[in-house]
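# Structure at a glance
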Amino acid sequence: MTQIIEVADNLARVRERIVGAAVDAGRDPHEITLVAVSKTHPAAAVETALVAGQRDFGENLVEEAWSKFAAPDAPLVEHSEAHLHLIGPIQSRKAALAVACRPVLIHSVDRLKIAHRLDRFAAEAGLALDVLLEVNVSGEESKFGFTPAGLQQDVEALLGLPNLNVSGLMTIPPYDPDPELARPHFAALRALQEDLVRQHGAARWRHLSMGMSHDFEVAIQEGATLVRVGTAIFGTRDSAASAT
Ligand SMILES: *Cc1c(COP(=O)(O)O)cnc(C)c1O
């Protein structure tokens with residue numbers, strides 16, 4: 001169990017590294033939002049981070065997000081200053097619950113079918129849902145996400161969904177402990193963003209969600225506007241529960 005003081009310290013260190021990476025890359029650190037990934041960690045860990053000034057939190061399982069942040073009896077439901085990001089793949093039958101979580105952003109719209117379902121439930125709830133499109137830039141078989149070609153095929157349909165605000169792209173490169181090996185994947189996501197801006201205008205493609213604990217500095221050098229950092233803030237997860 002990670003101690004309170006550790007979470008605050010870890011957050012301070014991660015924020016410093018974000019600023020450092022941004023400055024090195026000639027970027028304004030304020031362009032980058034730190035999403036603290038609290039999956040598998042108890043609400044108390046999130047409360048500690050809130051006290052330390054953290055506002056954006058990421059969960060990869062819809063049910064866990066619901067029971068921690070959004071259910072009527074959720075421990076964090078009164079904390080309206082906590083902004084929930086859904087970052088994991090969403091199964092069709094979880095789409096209604098995902099919308100009911102009222103996330104500030106869904107990072108992981110990875111196929112047209114789930115986009116349609118989220119749009120429908122958002123319409124029923126009377127809200128516009130901010131979403132990112134997850135892209136599998138590596139072509140790795142086991143990953144979720146649109147292929148770049150598949151995205152080109154579906155992009156008009158995605159942009160036409162009235163209750164979804166597409167606002168950028170997300171990717172998860174194949175894991176490698178060497179962050180430099182993630183760089184080409186981050187650069188490819190950025191190149192795809194530039195293509196989409198040329199084809200469809202800049203309005204919908206502002207965000208690039210990329211970079212995790214071991215590679216967020218490289219991601220920032222390559223243009224990330226959202227980094228999703230879990231382990232470096234909250235400590236290691238129980239491996240049985242941490243499947244991504
Ligand atoms: C768990 C998770 C993260 C955070 O990973 P860490 O290596 O713990 O920083 C980021 N993004 C997604 C989609 C995740 O599921």
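See the structure above.
To keep things clear, this report deals only with the structure shown in the data block.

What follows covers the site of the ligand. For the ligand, the set of nearby residues contains 13 residues, the closest of which are Lys39, Ser213, Gly230, Thr231 and Arg237. At a separation of 2.7 Å, an oxygen atom of the ligand approaches a polar side-chain atom of Lys39. Here an oxygen atom of the ligand and a side-chain polar atom of Thr231 are 2.5 Å apart. When the ligand sits alone it has 390 Å² of accessible area, and the protein chains cover 95% of it. Among the residues making up the shell around the ligand, the classes are represented as five nonpolar, five polar and three charged.

It is worth spelling out the pattern of salt bridges at this point. All told, the structure shown has 11 salt bridges when counted by the stated rule. Linking Glu64 and Lys68 is a salt bridge whose minimum nitrogen-to-oxygen distance equals 2.9 Å. Pair noted here: Glu64 and Lys68 are both in helix α3 (residues 62-70), with a separation of four residues, about one helical turn. For the pair shown, Glu64 and Lys68 are each scored as buried. The network of salt bridges with shared partners includes Glu59, Glu64 and Lys68.

What counts as what
- Residues numbered from 1 in each chain as written.
- Predicted model: local features only at pLDDT ≥ 70, side-chain atom pairs only at ≥ 80, totals over all residues.
- Heavy atoms only, no water.
- Near = heavy atom within 4 Å.
- Polar contact = N/O pair within 3.5 Å; in protein donor to acceptor, adjacent residues only side chain to side chain.
- Areas by Shrake-Rupley, 256 points an atom, 1.4 Å probe, with all protein chains shown as cover.
- Nonpolar A, V, L, I, M, F, W, Y, C, P; charged D, E, K, R; others polar.
- Salt bridge = Lys/Arg side-chain N within 4 Å of Asp/Glu carboxyl O.
- Helix = DSSP H or I, 4+ residues; strand = E, 2+ residues; numbered from the N terminus.
- Buried < 20%, exposed > 50% of the residue type's maximum accessible area, 1.4 Å probe, protein only.

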